[in-house]
Amino acid sequence: MDLRIFTEPQQGASYDTLLKVAKATEDLGFDAFFRSDHYLRMGNVDGLPGPTDAWITLAGLARETKRIRLGTLMTAGTFRLPGVLAIQVAQVDQMSGGRVELGLGAGWFEEEHKAYGIPFPKEKFARLEEQLAIVTGLWATEVGKEFSYDGRYYQLEKSPALPKPAQGKVPVLIGGHGATRTPRLAAQYADEFNIPFASLEDSERQFGRVRAAAEAAGRKGGDLVYSNALVACVGKTDAEVARRAAAIGRQVDELKANGLAGSPAEVVDKLGRYSAIGSSRAYLQILDLDDLDHLELISAQVQSQLS
């Protein structure tokens, strides 16, 4: 199982902090560094020094890392016009030498839209479907040809469909808990399906829906990568686990029930159970970005056993 580091910078992180975590991610052998795409803190934190933009962050990291994959869980479709997003992601992919992945979702956090004057449309999911068609369509258009699109929400006329990503195809991630529309979109556009913060039972059920939707769309269910995003809180001792849980304002029992918490052996065992239902990749949500010892422990005593 691949392990990826997943950060939530809106809770309080500067670019320099994210750079330290990304470099540790690379040095410790993890597969990728991902970040959320939010402009407002959540819960009882101050969020200082303030939000950082996801794609500006990834552009910087593209030049300061060499191996790890870089991406978003998930870019909010409400934040960017699809043509602009296609240009941004392609440019960052070029800057990284072809290491970028795009997680794209509909957007959901209304308060952050109000806080920064971003329109929050009612028809978010229908817009997301058009955004996926446009972004992937622009990238797939041959150089020298043009791309046009006449949708309900977006219209493009004779776009040169440039620039192109460095990769032949930027992997697209779609995720969520929706029972019908989400699997259908994943079957049509996704290279990877991710379910965030879900139990084994809910994950297995949703993976089954996506496989069925893929097969109904003429793909093989196994064509997609299936992954989970889960909060991580690992310690060598019970006291260390409790300290790390307290640092992020959570309870150990709740973290063990809903995330990857406990000793390295406990976490390896739980990841094995996710692997058994078809998950081949885990995004470890790291909430205390100053605790690099946490990453070192996971690398040494969890990741080493999985590989």
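A. How the structure looks around the overall build of the protein. The helix and strand tally for the protein stands at 11 helices and 12 strands. What you see for the protein is a C-alpha radius of gyration of 19 Å, in line with the 19 Å of a compact globule of 307 residues. By principal-axis analysis of the C-alpha atoms, the protein measures approximately 60 × 45 × 35 Å. Partitioning the contacts of the protein with sequence separation of at least 6, the portion at a separation of at least 24 is 72%. When the accessible area of the protein is evaluated, it comes to approximately 13700 Å², of which 50% is carbon and sulfur surface. Here the protein contributes 35 positively and 40 negatively charged side chains, and the mean placements of these two sets differ by 3 Å.

B. Representation of helix α7 (residues 200–216) within the structure. Over its 17 residues, α7 extends 24 Å from the first C-alpha to the last, a length consistent with the 24 Å expected when each residue adds 1.5 Å. Within α7 the residues assigned to the buried category are Leu200, Ser203, Gln206, Phe207, Val210, Ala213 and Ala214. An end-on view of α7 places all buried positions within 150° of arc, on one side of the element. Opposite its buried face, α7 presents the exposed residues Glu201, Glu215 and Ala216, each directed more than 90 degrees away.

C. Here's a closer look at the pairing of strand β12 (residues 281–286). Among the 6 residues that make up β12, 6 are buried, leaving the element largely enclosed by the rest of the structure. Pairing between strand β1 (residues 2–7) and β12: 6 bridges, direction parallel. Residue Thr7 lies in a different strand from β12, and its bridge partner there is Ile286. One ladder, built from 5 bridges, connects strand β10 (residues 225–234) with β12; its direction is parallel. Directly across from Asn228, in β12, lies its bridge partner Ala282.

Each value, and the rule that gives it
- Residues numbered from 1 in each chain as written.
- Predicted model: local features only at pLDDT ≥ 70, side-chain atom pairs only at ≥ 80, totals over all residues.
- Heavy atoms only, no water.
- Helix = DSSP H or I, 4+ residues; strand = E, 2+ residues; numbered from the N terminus.
- Rg over C-alpha atoms; globule rule 2.2 N^0.38 Å.
- Contact = heavy atoms within 4.5 Å.
- Areas by Shrake-Rupley, 256 points an atom, 1.4 Å probe, with all protein chains shown as cover.
- Lys, Arg positive; Asp, Glu negative; His and termini not counted.
- Charge placed at Lys NZ, Arg CZ, Asp CG, Glu CD.
- Expected span 1.5 Å × (residues − 1).
- Buried < 20%, exposed > 50% of the residue type's maximum accessible area, 1.4 Å probe, protein only.
- Arc of directions from axis to C-beta.
- Pairing = 2+ DSSP bridges.

Such coordinate-based values are descriptive only and should not be taken to indicate function.
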